Amino acid sequence: MMKYAVGQAVPRTEDPRLLRGHGNYIDDFILPRQAYAYMLRSPYAHAEITSIDASEALAQPGVIAVLTGEDYEADGMGEITGPKPRKRRDGSPMFRPPRPALTKDRARHVGQIVAVVVAESVDIAKSASELVFVDYDSLPVTVATDQATDPETPAIWDACPDNEAFFYEAGDKRSVDAALAGAAHVVKQRFVINRINANSMEPRGALGDYDPREDHYTIYAGIQRPWAWRTTLCKNLFHIPENKMRLVTGDMGGSFGMKGAIYPEIPLVAWASKRVGRPVKWRCERSEGFVADDHARDNVSDVQLGLDEDGKFLALKVETSAALGAYVSFMGMGPPTGNIGGLAGVYTTPAAYVGVSGVLTNTSPLSPYRGAGRPEASYIIERMINLAAQDMQIDPAELRRRNFIPPDAFPYKTPLTFTYDCGEFEKVMDRTMEKADYAGFAARRAESEAQGKLRGIGMSCTIEVAAAVQPETAEMRFDPSGTVTVLVGSTPHGQGHETIYKQVVCEKLGIEPEAIRVIEGDTEKVSFGTGTGGSRTAAIGSSAVLMATEKVIDKTSKIAAHMLEASEQDIALEDGKFVIAGTDRSIDFTDAAQAAFSPDKLPKGMEPGLYEFGTFIPEAPNFPNGCHIVEVEVTPDTGEIALLRYSVVDDCGVELNPLLVKGQVHGGIVQGAGQALMEHMVYEEGSGQLLSGSFMDYCMPRADDFCYFDVSAHPVPTQTNPFGVKGVGEAGTVGALAAVMNAVNDALAARGVRHVEMPLTPERVWRAIQDASKAA
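Residues numbered from 1 in each chain as written. Predicted model: local features only at pLDDT ≥ 70, side-chain atom pairs only at ≥ 80, totals over all residues. Heavy atoms only, no water.

1. What about the overall build of the protein chain?
So, step 1. The secondary structure content of the protein chain amounts to 19 helices and 28 strands.
So, step 2. Taking 776 residues into account, the globule formula puts the C-alpha radius of gyration at 28 Å, and the protein chain, at 28 Å, falls close to it.
So, step 3. If one aligns the C-alpha atoms of the protein chain with their principal axes, the spans along those axes are about 90 × 75 × 50 Å.
So, step 4. Every one of the 776 residues in the protein chain was classed for burial, and the buried ones make up 61%.
So, step 5. A separation of at least 24 residues holds for 80% of the contacts in the protein chain among residues at least 6 apart in sequence.
So, step 6. A total of about 29,400 Å² of accessible surface is found on the protein chain, and carbon and sulfur atoms cover 50% of it.
So, step 7. Averaging the positions of the 75 positive and the 104 negative side-chain charges in the protein chain gives two centres separated by 1 Å. (Helix = DSSP H or I, 4+ residues; strand = E, 2+ residues; numbered from the N terminus. Rg over C-alpha atoms; globule rule 2.2 N^0.38 Å. Buried < 20%, exposed > 50% of the residue type's maximum accessible area, 1.4 Å probe, protein only. Contact = heavy atoms within 4.5 Å. Areas by Shrake-Rupley, 256 points an atom, 1.4 Å probe, with all protein chains shown as cover. Lys, Arg positive; Asp, Glu negative; His and termini not counted. Charge placed at Lys NZ, Arg CZ, Asp CG, Glu CD.)

Here it is, written out as structure tokens:
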């Protein structure tokens, strides 16, 4: 087998370039005569803007312009908007607040942009911003998610007096209520899933360049879905045809969903460029990002799980208040509603109901973040199972085993929104239990107790939806030398797309990876694309590359047959050579590719050149699943938590590159465990000020917070794409949040603690132990 074939654990071909400092990140885009923008942001969470005086700032040397909401409106610029798939309780469309990129009359969260200072340098722009005088009249503030719709809570928008932007339901409420009323056991729990921030290694940024000769905008920015962005920007904000705008993503130092939103700074730099006649660049600083970036999670759920006397699940009821922020981001309604199917888990629960209230608060908007509703849903069902097991004195693994969907039940329609196509859930759990030495845990717990420590074990058996039904496009563009450029509509932010695309092409065509160049994320080079998000690229992007490759093979097979004077039916491509069956006659694939550009070497009537497209769209999404088992140790006197063992078995279908799969799982685990243990965005009640606005107050996970991750695969191929791939980009986060929370709560149960909310900081854990001790 070739080294660069599908299934090989080859290192990423991108890494040498990136590690040597040859990446193409937002700081690397530099244009002649480039000016710099600084965003003046509101220090108030809710306030009327009564006046803005920029005269002193404009008088400073090096200041080019100070732009306000009045200027923005005068130029006819539009609003940042997005889809409105949900409804309000009365059946009317959901409330999506009007959102110009630059507000002129009211600020509704700390960090909202009220003016743009453009200058010769960032330092000049910053200094000048201190001379822009804005008068504010402060207004009442709402930040608590679970209180946003209370009658006494002030309205953020006059057009939405109850602060509820939408209400979404799924499942059968009547059947669920009846099942809960008759259940032998009903477990009830409120869950507070806290607000967090992505904090990608590379902060956001944007560079806008307006060309008056062609009346054309180019925007350089790290973004996940440039084609959808271009459509929205051109249609709703700039009111221009799409061929008047180009978006270029370059490399991205992480995103995790956070860079999937359309932020105000993106249109502002392009608009400012037209205004001042020069390219304008903005770069987000780390502290700025805490208030400027969209946040994630932040919902409160009241949950009931009904079981019969034998521990069979009868019904699940979930009622959630989900924070949206002061504005609804481009896909802000997605996480709390789009992945609620994950609440059904891998279980045969016959009835389920979910009601989601999307609420507005005076906080930064919320967007998808690694998992985008999947970790939240999986955490709820997996934590409820452990609570039920505790109440019924059944081993948590055994309770899951009694309720798993059996392998012969597929396709399986859950009582919520998903229909699973395949899976071997019990086998996955059994393999993980063996790997984790689940049977030997009691002895290890006793050893910890002898040392004065509390040891706990936590499990999660989770499933998620991946690769939503959206198209992806790939083009293979050969040149006369026989080398190829592969252009794909995905966008790279650390996953290793270039590597897996090369593996597909190398395996099918038998050429060397050095002969392949990959281009992503440029709306003028790539004809169209959906972009990256929702664990879609391995399943859909690679399938599009495969389709284009098969078309290349079809054409070059005809050329090879003509050159070898053989029947096309007798020609086969094997290890990079076209071979005539039953003979030793052959030509290299590269020879046939080169011949495509020589009309005299082509069959009569064949069009010269070699460039083919493939656009793949699956008929259904896929459903990766897995089991995580975690062991932790808690020091009762301090509340400190140590992760001791971490075992994972994932079913992500066929693995295109096992090395990259493990990397994705490792990163996902850290982000799930990070939320469980330490990450936390905190707003002050009353003022709406962000109290966790830097890494001094917002704790980020580090390598020494973790143990070794023992990751294995149990592939059950899906039929939804040609490779049998299931998405893996979010799998680690989906499983980790629930498993770590279960493990720590299991350890604390020995001290009479029933449930502690995330994040499980040492102080919170210590206080829970003290409170339980006092209660006892």
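2. Topic: the environment of Phe256
So, step 1. Looking at where Phe256 falls in the secondary structure, it is placed in the loop between β11 (245-248) and α7 (265-276).
So, step 2. Non-local contacts of Phe256, meaning those with residues more than four positions away in its chain, are made with Ser200, Gln224, Pro368, Tyr369, Arg370, His493 and Gln671.

3. Focus: the packing of aromatic side chains
So, step 1. For the structure on display, the rule yields 21 aromatic pairs.
So, step 2. Here the aromatic residues Phe95, Trp157 and Tyr327 are joined through ring pairs into a cluster of three or more.
So, step 3. Over the aromatic face of Phe167 sits the side chain of Arg89, whose NZ or CZ is 3.7 Å from the ring centroid.
So, step 4. The ring of Trp157 carries the charged tip of Arg108 above its face, separated from the ring centre by 3.4 Å. (Phe/Tyr/Trp six-rings, centres within 6.5 Å; stacked < 30°, edge-to-face > 60°. Lys NZ or Arg CZ within 6 Å of the ring centre and 35° of its normal.)

4. A look at the sheet that holds strand β15 (residues 351-360)
Two modes of strand pairing occur in sheets, parallel and antiparallel, and in both the strands are linked by backbone hydrogen bonds.
So, step 1. Taking strand neighbours across the sheet as the criterion, the 5 strands line up as β7-β15-β14-β13-β8 in an open arrangement whose pairing is mixed. Looking along the sheet, the strands with just one partner apiece sit at the ends: β7 (164-171) and β8 (185-196). Averaged over all pairs of adjacent strands, the angle between their axes in this sheet comes to 10 degrees, without regard to strand direction.
So, step 2. In the sheet, β8 pairs with strand β13 (residues 296-307) via 11 bridges, with the strands oriented antiparallel. Bridging across to β13, Ile193 finds its partner in Asn299.
So, step 3. Helix-sheet contacts for helix α10 (residues 374-392) involve β8, β13 and β14 (313-325), and the interaxial angle to β8 is about 145 degrees. (Pairing = 2+ DSSP bridges. Axes fitted to C-alpha atoms, helices over the stretch in contact; angles between N-to-C directions.)

5. Regarding the sheet that holds strand β23 (residues 577-580)
So, step 1. Reading across the sheet, the 3 strands line up as β22-β23-β24 and stay open at both edges, with antiparallel pairing between neighbours. A single partner strand is all that each edge strand has here, and the edge strands are β22 (571-574) and β24 (586-588). Ignoring strand direction, the axes of neighbouring strands in this sheet form an average angle of 25 degrees.
So, step 2. Relative to β24, β23 runs antiparallel, the two being bridged by 3 bridges. By the bridge assignment, Val579 is partnered in β24 with Ser586.
So, step 3. Contacts from helix α15 (residues 537-564) reach β22, β23 and β24 within the one sheet, and its direction differs from that of β23 by about 55 degrees.

6. So, the packing of α10 against helix α18 (residues 731-749)
So, step 1. The interhelical angle for the contact between α10 and α18, taken along N-to-C directions, is 30 degrees, at an axis separation of 8 Å. Where α10 crosses over α18, the two elements pack in a sense that is right-handed. Between α10, through Arg374, Pro375, Ser378, Tyr379, Glu382, Arg383 and Asn386, and α18, the contact on the second element is made entirely by Thr733, Val734, Leu737, Ala738, Met741, Asn742 and Asn745.
So, step 2. Of the residues contributing to the contact of α10 with α18, the split by class is 6 nonpolar, 5 polar and 3 charged. (Left-handed = near helix turned anticlockwise from the far one by under 90°. Nonpolar A, V, L, I, M, F, W, Y, C, P; charged D, E, K, R; others polar.)

7. Structural notes on the pairing of strand β10 (residues 216-221)
So, step 1. Along β10, 6 of the 6 residues are buried, which leaves the element largely enclosed by surrounding structure.
So, step 2. What you see with β10 is no split at all: His216, Thr218 and Tyr220 on one side and Tyr217, Ile219 and Ala221 on the other are buried throughout.
So, step 3. Across 6 bridges, strand β9 (residues 205-211) lies against β10 in antiparallel orientation. Within β10, the position partnered with Ala206 by the bridge is Ala221.
So, step 4. Counted between consecutive antiparallel strands, the loop separating β9 from β10 contains 4 residues, among which Asp215 sits at a positive phi close to 50 degrees.
So, step 5. In the sheet, β10 pairs with β11 via 4 bridges, with the strands oriented parallel.

8. What about the pairing of β15?
So, step 1. Counting buried residues along β15, 10 of its 10 residues qualify, which places the element largely inside the surrounding structure.
So, step 2. Across 7 bridges, the pairing between β7 and β15 is antiparallel. Bridging from a neighbouring strand, Gly171 pairs with Tyr353 of β15.

Read these as geometric descriptors, not functional statements.
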